[in-house]
Amino acid sequence: MLDKLNRKIDYLRISVIDRCNLRCVYCMPEEGIESIPHDEILTYDEILRICEIVSELGIRKIKITGGEPLVRKDIVNLIRDIKNIDKIEQVTLTTNGILLADKLEELKLNGLKGVNISLDSLKEERFSKLTRLGKLENVLVAIDKAIELGIKVKLNTVIVNDVNKDEIID
């Protein structure tokens, strides 16, 4: 599949849930947002069907996103089943990292190749201010564990003026 500039498109991002366990200041109000009713989000079978169809069009990589995909109860099995689609070569995950460490071994066994982890500060007080609910230690443990398991790690950082701008080099 090619875009209008004749670049090959071989990956697809799928948002599997709109819910999140954090309330990051740049993403969501502190009180949260009204969730989409379950009957309006993609079902497990719909996600698999989409992945099967796009694999026939040349998609080889699937990135699972959300919300926070790890709050979806069936996420490990979903990653396994996507990875088992004949032409899908790689499944990765974008996450805030809070729930990741406990699931990493099972995710790797089920085909996860990489993670994009949000890390907006290396200072606990700032991390708490930005995420409102998160603990920096959970994310740092997840990053170390992913590296230890041989899972490719990318970090995403949102710079917020007057909060973490001075940490860009760090």
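Scoring rules and cut-offs
- Residues numbered from 1 in each chain as written.
- Predicted model: local features only at pLDDT ≥ 70, side-chain atom pairs only at ≥ 80, totals over all residues.
- Heavy atoms only, no water.
- Helix = DSSP H or I, 4+ residues; strand = E, 2+ residues; numbered from the N terminus.
- Rg over C-alpha atoms; globule rule 2.2 N^0.38 Å.
- Buried < 20%, exposed > 50% of the residue type's maximum accessible area, 1.4 Å probe, protein only.
- Contact = heavy atoms within 4.5 Å.
- Areas by Shrake-Rupley, 256 points an atom, 1.4 Å probe, with all protein chains shown as cover.
- Salt bridge = Lys/Arg side-chain N within 4 Å of Asp/Glu carboxyl O.
- Patch = residues over 30% accessible without salt bridge, like charges linked within 9 Å, V, L, I, M, F, W, Y side chains within 5 Å.
- Lys, Arg positive; Asp, Glu negative; His and termini not counted.
- Charge placed at Lys NZ, Arg CZ, Asp CG, Glu CD.
- Pairing = 2+ DSSP bridges.
- Axes fitted to C-alpha atoms, helices over the stretch in contact; angles between N-to-C directions.
- Arc of directions from axis to C-beta.

A few words on the overall build of the protein. Regarding its fold elements, the protein presents 5 helices and 5 strands. The C-alpha atoms of the protein give 17 Å as radius of gyration, which agrees with the globular expectation for 170 residues (15 Å, within 12%). Each principal axis of the C-alpha distribution contributes one length, and for the protein these read about 45 × 40 × 35 Å. Each of the 170 residues in the protein was classed as buried or not, and the buried ones make up 41%. Sequence separation of 24 or more characterises 70% of the internal contacts of the protein that already satisfy a separation of 6 or more. As displayed, the protein has an accessible area near 10,000 Å², and 50% of this comes from carbon and sulfur atoms.

The subject of this paragraph is the side chain of Thr131. Secondary-structure assignment places Thr131 in helix 4 (residues 124-131). On the accessibility criterion, Thr131 (2% relative accessible area) is buried. For Thr131, the contacting residues outside a window of four places in its chain are Leu22, Arg23 and Cys24.

Take the pattern of salt bridges next. When charged atoms on two side chains of opposite charge get close, those side chains can pair. Taken as a whole, this structure holds 10 salt bridges when the rule is applied. One salt bridge connects Arg7 with Asp3, and the closest N-O pair in it is separated by 2.7 Å. Close ionic contact of Glu167 with Arg126 constitutes a salt bridge, the shortest N to O distance being 3.2 Å. Residue Glu167 is found in the segment after strand 5 (152-156), and its partner Arg126 is found in helix 4; the two are separated by 41 residues along the sequence. Both residues of the pair, Glu167 and Arg126, count as buried. Through salt bridges with shared partners, one network takes in Arg126, Asp166 and Glu167.

On to a negative patch on the surface, then. Side chains of Glu124, Glu125, Glu137, Asp144 and Glu148 sit close together on the surface and give a patch of like negative charge. Mapped onto the negative patch, the elements with two or more residues apiece are helix 4 and helix 5 (136-148). At 3 residues, the largest contribution of residues to the negative patch is made by helix 5. Looking at the element boundaries, Glu148 is found in helix 5. Using a relative accessible area of 69% as the deciding quantity, one classes Glu148 as exposed.

A few words now on the sheet that holds strand 2 (residues 61-65). Read across the sheet, 5 strands follow the order 1-2-3-4-5 without closing on themselves; strand pairing throughout is parallel. What marks the edges here is a single partner per strand, and that holds for strand 1 (11-15) and strand 5. Mean inter-strand twist for the sheet, computed between neighbouring axes without regard to direction, equals 20 degrees. For strand 4 (residues 112-118) and strand 5, the ladder comprises 5 bridges, and the chain directions are parallel. Among the inter-strand pairings, Val115 is bridged to a residue of strand 5, identified as Val153.

Among the residues of helix 3 (residues 100-109), Leu100, Ala101, Leu104 and Leu107 are the ones counted as buried. Axial view of helix 3: buried residues confined to an arc of 100 degrees, hence all on one face. Facing away from the buried side of helix 3, by more than 90 degrees, are the exposed residues Asp102 and Leu109. For helix 3, the elements touching its buried residues are helix 2 (75-83), strand 3 (90-95), strand 4 and helix 5. Positive backbone phi, approximately 105 degrees, marks Gly111, located one or two places after helix 3.

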